[in-house]
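Residue-level structure breakdown
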Amino acid sequence: MDEAAALGAPAVGPVELGDLLVQVARGDQDAFAAVYERVVGPVFGLVRSVLRDPSQSEEVTQEVLVEVWRVAARFDPARGTAMTWVMTLAHRRAVDRVRSEQSASDRELRAAQLSGSRDYDHVVEQVEARLEREQVRRCLRTLTQIQRQSVTLAYYKGLTYREVAELLSQPLGTVKTRLRDGLIRLRDCLGVQG
């Protein structure tokens with residue numbers, strides 16, 4: 001027979017989890033050890049069902065129990081049972097980990113796509129630029145000599161219409177007309193719309 005019962009003292013039942021959390025909030029390490037023993041299994045089970053990965057589940061379970069130690073004073077028995085409060089903390093932490101892992105995975109995927117597409121785009125841009133240069137050269141050959149000279153001086157050398165006219169010893173109006181006609185022919189040859 002129990003000594004307390006034999007002496008006529010009332011028998012003490014197991015301490016409620018909520019009462020233990022109140023003691024944990026005061027910094028009672030023994031109460032935390034008792035809380036730990038009661039909740040570690042269910043917390044790990046819940047976290048494992050969300051995360052599926054055993055090592056991450058152990059890590060998150062540890063984080064949850066540290067959080068229980070730190071925020072035990074936030075437990076309000078009027079809002080639910082102590083076990084529900086602990087399991088809510090566990091569920092939130094597990095979901096946060098899933099979201100964090102998903103965000104990290106998405107960032108890595110975007111980074112890989114960007115770095116992979118840069119090399120590809122760089123090559124494509126080089127090929128397209130080379131093809132465009134060849135097409136422009138071919139179209140420039142279809143212009144008259146004065147049109148070709150005017151376009152080359154104005155657009156490749158960066159000279160003004162007046163400078164082109166002086167260099168070619170042509171009237172300014174003639175150079176402007178040759179440039180306009182040459183650009184129209186280039187546009188048509190290159191297939192540029194409008």
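Here goes a summary of the coordinates provided. Note that the coordinates shown come from a computational prediction; the quantities given were computed from them, not determined experimentally. (Residues numbered from 1 in each chain as written. Predicted model: local features only at pLDDT ≥ 70, side-chain atom pairs only at ≥ 80, totals over all residues. Heavy atoms only, no water.)

**Considering the environment of Glu-163**
- Among the secondary structure elements, Glu-163 is positioned in helix H7 (residues 161-168).
- Here Glu-163 falls in the partly exposed class, since its relative accessible area comes to 37%.
- Each C-alpha atom of the pair Glu-163 and Val-175 lies 10.0 Å from the other, and the pair is twelve residues apart in sequence. (Helix = DSSP H or I, 4+ residues; strand = E, 2+ residues; numbered from the N terminus. Buried < 20%, exposed > 50% of the residue type's maximum accessible area, 1.4 Å probe, protein only.)

**Some thoughts on the environment of Arg-70**
- Here Arg-70 shows up in helix H4 (residues 54-71).
- The spatial distance from the C-alpha of Arg-70 to the C-alpha of Ala-25 is 7.7 Å, given a sequence separation of 45 residues.

**Comments concerning the state of the cysteines**
- For the structure shown, the criterion picks out one disulfide.
- Note on cysteine connectivity: Cys-139 is disulfide-linked to Cys-189, with sulfurs 2.0 Å apart. Here the S-S torsion is close to -80°, and the disulfide linking Cys-139 with Cys-189 is therefore left-handed. One end of the pair, Cys-139, is in helix H5 (residues 82-140); the other, Cys-189, is in helix H8 (residues 172-190), with 50 residues separating them in the sequence.
- Residue classification places Cys-139 among the buried residues on the basis of a relative accessible area of 0%.
- Taking the relative accessible area as the measure of exposure, Cys-189 reaches 24% and is therefore partly exposed. (Disulfide = S-S within 2.5 Å.)

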